[in-house]
Amino acid sequence: MNILPTIGLVDDEPGMLKALQRLLNAEGFRVRAFGSASEFLQRFASETVDCLVLDVSMPGLTGLELQEQLNRAGARLPIVFLTGQGDIPMSVRAIKAGAVNFLTKPVTDADLLAALRAALAEARRFQDENRELAELRKQLDSLTPRELEVLRHVIAGKLNKQIASALGTGEQNIKVHRMRITAKMGLPSVAELVRAAERLGIKPVE
Amino acid sequence: MPAYTESAALAEAEAGVAWWTSDAFAIQLELGLGYLYVFCRMSWVTVIWAMIVSACLMLSGVHVLVWLRQREELANLMFALLAAGTAGMAACELSMMHARTPEEYTTLLRWFHVPVWVAVVSLVGFIHFHQQAGRAWLAWATIGARTISLGINFLSAANINYREITSLQRIPFLGEPVSVPLGVPNPWMLLGQLSLLLLLAYVVDASLAAGWRGEKRPALLVGGSTTIFVAVGIAQAILVFWRVIPIPVTTSLFFTGLVMVMGYELSSRVLRAAQMARELRQREAELSRERALTEAVFDSVPGLLYLYTADGKFVRWNKQYGFRTGYTTTEMAKMTAADWFEPEDLETMRAGWSQVLAGGSITMELPVRMKDGSRVPYLLTGVRVFIDNQPHLVGIGIDIAHRKAMELEATRQRAELAHLSRVASLSELSGSLAHELNQPLGIILTNAQAAQRLLSREPLDLAEVRDILADIVSEDRRAGEVIHRLRALLKGGEPKREPLTLNDLVEEVVALMRSDLIGRGVTLNLQLAAGLPLICGDRIPLEQVLMNLVSNGCDAMGAYPAAERQLTISTQKDEAGVKVSVRDAGCGLPPEPARMFESFFTTKPQGLGMGLAICRTIINTHGGKIWAEPNSDRGATFHVVLPCTKEHA
């Protein structure tokens, strides 16, 4: 996050869109403004944003519906909601679905900026996690198919003897595979392996 | 004559013999005939001719009296003269029949022609006045010929019938000897007989003309009988004077026949007149009853009752008129129709006036000026009535001050109800309206804070700050407008009329309800026709109607997925004015759509059932129409038609 963070704004009210853009620009953010949820969805793929300031009630797709769609698509985008007429059920729903904050208009710059900072921190956290995951994925990809199979047995909590008999080979061979897996993945303990496998979506044998 | 005894009569009575075949009756009959025989020996000629004279004189006298009472009835006078002439003729004839010497006869015959002249002339006159027909020249020819022959009668040696009467012959007539003359006939007699033929022609002519005219009965009776009697009279005179048959002159007999027929005709007229007089009296009695009733009705009418001449002169009024207006009868008698109205109402009143005189009828509401100068609203009617062939205006006036006050109160209550319902619907919208206010406030705040940040930065971007300030101003104005609209809707206020654009109303309502529509997930389509004519009305209630229809449309679509919640508001020109339609894709109309506009009819669990009823009241007071119809696919469309102002935009 060495470059300026980019903030996406979605609001059907052009005046509000313009005002927020001015405020955030003055605060030194890069801003991408969208007039509706569907416009954002169309341009989302090509224009990446770090976090989203989203109006709740909009004609067509509402803010909450956009949040649902993004979650379904697996996009981990921190969202700060703005609403003119927020009620508690609505805010609970938004926060449960992963929103960073739920602010009621008119919103002060301090509140908005604080919420944005939290959102950006979360975005950074998402990015760090993503980077780690990418590293792990790379290490996983270096395993041979045989080593991957052994790994699935290991994270299932099986002993070397059990693995050897299951794979129809000697206990010694299994030990060698495990050493190589530990070296390649850079994870010395079984517990760490189990956690990494879970994050990478590798399922243990039955 | 058989001997008759009481015992015989008793015996007959016991035997049951009928009285008219009895001997007793036969005896009485013979006795009666005996008296008649004695009477006959008194000389038939004297009896008959004397009777003729007296009967004719009596009739003459009676009709002279009738004529004296009714001078315009000249037929009666003529009849009196005819009867008098006939009496004279009869008297002369009687004397002639009893004349002893030719000289006496000659003189009597000469004077005989005076009553004959009177009879002929009066007969012509009678026919003329009675039938009102016949050729005048025939009448004058008859009178002329008769007058000339009368002149000759007196100028010639003896008379017009004879140059000389040589002797008298005694011949039996009606059982006694009477005198008839013997002498040299006078050829001038032909002139007298010509006059009688002319009379005959005149009578026939007049009777035919009267008959053609449709007066069949008098024509037949008078014409027929005159023709017969005159013809027979002429025939007899010719036969007598030219000595074809030896009988005395009996012209008066035929004239008596004429007098009788005409007397009958005249008396039937008198009878008819009497009948008519009786009916007239009855009608007058009825009329006076009716008049009394009318007076009573006039005075019992709980309002004004008036009758004016076409030029506005006050002719009749009822007691209430003076009682209510405070004027006295003498004051009102000098007043004209225009005096009752204010100068600004005169044009309306005169328009109604000429409408009535042209044969129409009017009902108008105008203030009537009382004597104390106050003005009381009256419902005035008027119809044309002809009195003595002159057009008049008659009508009644009913005091509607009370009704007007009630109407005003009802209007006030309607406005109050509409206001309450407006406040209620606005409170339902309060969330959305808060948003509508929050939006500009939020924009202002954010812009202001952005500007604060910009001002603390170097270099100063003044252009951006100017833009921000311009936006702040416009957003502030927008917030102000929302508040202004809200205040207008919340205010009760007097109903007012101003020229309005339908599209403006739609846009204002849409602006107020925008957030609400978004909140309900309704997509709004506007199809507003350009260049619509202006309407005249009260902005706030009309916007209330539109708000109500939009809100109803949204409610109707609540159960459907958001993508299907389409609401369309369209405006267009309509035959009756301008039309705005609100179309939804909701659950449709209840089974009886017309009932929706009744008070307390609702299909919503929390509904009061006043919304559409108030809408209808509002639209009705604007002279418009509101109705609903189902869509062919789904949902319903509500239409409102409002009349355009006269000054076309």
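Our next topic: the overall build of chain B. A tally of regular secondary structure across chain B gives 18 helices and 14 strands. Among the 649 residues that make up chain B, the fraction classed as buried is 33%. In chain B, of all internal contacts separated by at least 6 residues, the share reaching a separation of at least 24 is 65%.

Regarding its fold elements, chain A presents nine helices and five strands. Counting from the amino terminus, helix and strand elements in chain A follow one another as β-α-β-α-β-α-β-α-β-α-α-α-α-α. The proportion of buried residues among the 206 residues of chain A is 33%.

With that settled, the discussion passes to the sheet that holds strand S6 (residues 375-387) of chain B. Residues and elements named next belong to chain B. Spatial ordering of the open sheet is given by S4-S3-S7-S6-S5, a layout of five strands whose pairing is antiparallel. Two strands in the sheet have a free side with no partner beyond their single neighbour: strand S4 (314-317) and strand S5 (361-369). The mean angle between the axes of side-by-side strands here comes to 30°, regardless of whether they run parallel or antiparallel. Across nine bridges, the pairing between S5 and S6 is antiparallel. Across the sheet, residue Met364 finds its bridge partner in S6, namely Leu380.

What follows covers the sheet that holds strand S13 (residues 625-630) of chain B. All names here are of chain B. Strand order in the open sheet made by the five strands is S9-S11-S12-S14-S13, with mixed pairing throughout. Strands with a single pairing partner mark the edges of an open sheet, and in this sheet they are strand S9 (523-528) and S13. Across the sheet, the mean angle separating the axes of adjacent strands is 15° when strand polarity is ignored. With six bridges joining them, S13 and strand S14 (residues 636-642) adopt antiparallel strand pairing. Following the sheet pairing, Trp627 is matched in S14 by His639. Helix H17 (residues 539-556) rests against strand S11 (566-574), strand S12 (577-583) and S14 of the sheet, and its axis sits at about 25° to S12.

The next thing to look at is the nonpolar core. Ranked by size, the top nonpolar core spans 89 residues in total, and within it A:Cys51, A:Val80, A:Phe81, B:Leu546 and B:Val550 carry the most contacts. Formed by 65 residues, the second largest nonpolar core is a distinct cluster that contains B:Leu81, B:Leu94, B:Leu108 and B:Ala210.

A few words now on unusual backbone geometry. The linkage connecting A:Lys105 with the following residue, A:Pro106, adopts the cis geometry, with an omega of -5°. Examined against the element boundaries, A:Pro106 turns out to sit in the loop between strand S5 (101-104) and helix H5 (109-141). The amide bond that connects B:Glu458 to the next residue, B:Pro459, takes the cis arrangement and shows omega of -5°. Inspection of the secondary structure puts B:Pro459 in the loop between helix H14 (430-455) and helix H15 (462-490). Positive phi, normally seen in glycine, also occurs at B:Asp388, with a value near 50°.

All right, on to the interface of chain B and chain A then. Facing the 22 residues of chain B at the interface are 20 residues of chain A. Counting residues per element, the ones that place at least two in the side of chain B that touches chain A are H14, H15 and helix H16 (502-519) of chain B. Ranked by residues supplied to the side of chain B that touches chain A, first place goes to H14(B) with 15 residues. Here the residues of the side of chain B that touches chain A sort into eight nonpolar, 10 polar and four charged.

Here the focus is the confidence of the model for chain B. For chain B, per-residue confidence averages 84 on the pLDDT scale, and residues scoring 70 or more make up 93% of the total. Two numbers describe this predicted complex: its pTM, 0.49, and its ipTM, 0.76.

The next point concerns H16(B). Residue and element names in this part refer to chain B. Between the first and last C-alpha of H16 there are 26 Å, a value that for 18 residues agrees with the 26 Å anticipated at 1.5 Å per step. Considering bend angle alone, the principal kink of H16 is centred on Met513 and spans about 55°. For H16, the full list of buried residues reads Leu502, Leu505, Val506, Val509, Leu512, Met513, Ser515, Asp516, Leu517 and Ile518. Trailing H16 by a residue or two, Gly521 shows a phi angle of about 70°, which is positive.

Residue and element names in this part refer to chain B. Tracing the chain through its elements places Leu168 in strand S1 (residues 162-173). Look at Leu168 and you get buried, because 20 C-beta atoms sit within 10 Å. As for Leu168 and Val178, which are separated by 10 residues in sequence, their C-alpha atoms are 9.4 Å apart. If we skip the residues at most four places from it in the chain, Leu168 touches Ala99, Pro102, Tyr105, Ser179 and Pro181.

This next bit is on the packing of helix H7 (residues 160-167) of chain A against helix H8 (residues 171-185) of chain A. To describe two helices that pack against each other, one gives the angle between their axes and the distance between the axes. All names here are of chain A. Direction vectors running N to C along H7 and H8 enclose 110°, while the axes themselves pass 8 Å from each other. In terms of orientation, H7 and H8 fall into the roughly perpendicular class. Taken together, the residues of H8 that come into contact with H7 (itself represented by Asn160, Lys161, Ile163 and Ala164) are Glu171, Asn173, Ile174 and Lys175.

Moving on to helix H3 (residues 44-69) of chain B. Residues and elements named next belong to chain B. End to end, H3 covers 37 Å across 26 residues, agreeing with the expected 38 Å (1.5 Å per residue, within 8%). Of the residues making up H3, those classed as buried are Trp49, Ile52, Val53, Cys56, Leu59, Ser60 and His63. Looking at the buried side of H3, the elements it contacts are helix H4 (74-97) and helix H9 (251-300).

Attention shifts here to the pairing of strand S2 (residues 30-34) of chain A. Residue and element names in this part refer to chain A. Pairing of strand S1 (residues 6-10) with S2 involves five bridges; the strand directions are parallel. Across the sheet, residue Thr6 finds its bridge partner in S2, namely Arg30. Crossover handedness for the path S1 to helix H1 (residues 14-26) to S2: right-handed.

Per-chain confidence: chain A averages 86 in pLDDT, with 97% of residues scoring 70 or above. The spread of mean pLDDT over the elements of chain A runs between helix H9 (residues 190-200) of chain A, the lowest at 84, and S1(A), the highest at 92.

On to the packing of H14(B) against H15(B), then. Residues and elements named next belong to chain B. In contact at an axis separation of 9 Å, H14 and H15 are set at 160° when each is read in the N-to-C sense. The angle between H14 and H15 falls in the class roughly antiparallel. The two elements H14 and H15 cross, and the hand of that crossing is left-handed. Its residues placed into classes, the contact of H14 with H15 shows 17 nonpolar, one polar and six charged.

Residue and element names in this part refer to chain B. Tracing the chain through its elements places Gly635 in the loop between S13 and S14. In this structure, the C-alpha to C-alpha distance between Gly635 and Cys587, residues 48 residues apart in sequence, is 5.4 Å. Discounting chain neighbours no more than four positions away, the residues touching Gly635 are Ala556, Arg583, Asp584, Ala585, Gly586 and Gly588.

Among the structural elements, B:Lys573 can be located in strand S11. With residues near it in sequence (within four places) discarded, B:Lys573 still touches B:Ala529, B:Leu532 and B:Val578.

The rules behind each value
Sequence positions are assigned chain by chain, starting from 1 and proceeding in written order. Written order determines the labels here, with chains lettered from A and ligands numbered from 1. Predicted model: local features are reported for residues with pLDDT of at least 70 only, side-chain atom pairs are reported and counted for 80 or more only, and whole-chain, interface and lining totals are derived from all residues. Put simply, DSSP marks the helices as runs of H or I at least four residues long and the strands as runs of E at least two long, and each gets a number from the N terminus on. Here a residue counts as buried when 20 or more other C-beta atoms sit within 10 Å of its C-beta, as exposed when there are 12 or fewer, and as partly exposed otherwise, the C-beta atoms being derived from the backbone. By the convention adopted here, residues make contact when the C-beta atoms placed from their backbones lie within 7 Å. Two strands are counted as paired when DSSP detects at least two bridges linking them. Angles run from 0 to 180 degrees between N-to-C directions of axes, and those axes are lines fitted to C-alpha atoms, restricted for helices to the stretch in contact. Any set of buried Ala, Val, Leu, Ile, Met, Phe, Trp, Tyr and Cys residues joined through C-beta atoms within 7 Å is what this text calls a nonpolar core. Polar here means any residue other than Ala, Val, Leu, Ile, Met, Phe, Trp, Tyr, Cys and Pro, which are nonpolar, and Asp, Glu, Lys and Arg, which are charged; Gly is therefore polar. pLDDT is a residue-level measure of predictor confidence that goes from 0 to 100. Expected helix span is computed as 1.5 Å times (number of residues minus one). A residue's bend is simply the angle between two axes: one fitted to the seven residues ending at it, one to the seven starting at it. Oblique is the label for any angle not under 35 degrees, not over 145, and not in the 65 to 115 range, which are roughly parallel, roughly antiparallel and roughly perpendicular in turn. With the strands aimed away from the viewer, a crossover counts as right-handed if its path from the first strand over the helix to the second runs clockwise. Left-handed describes a crossing in which the near helix is turned anticlockwise from the far one by less than a right angle; the clockwise case is right-handed.

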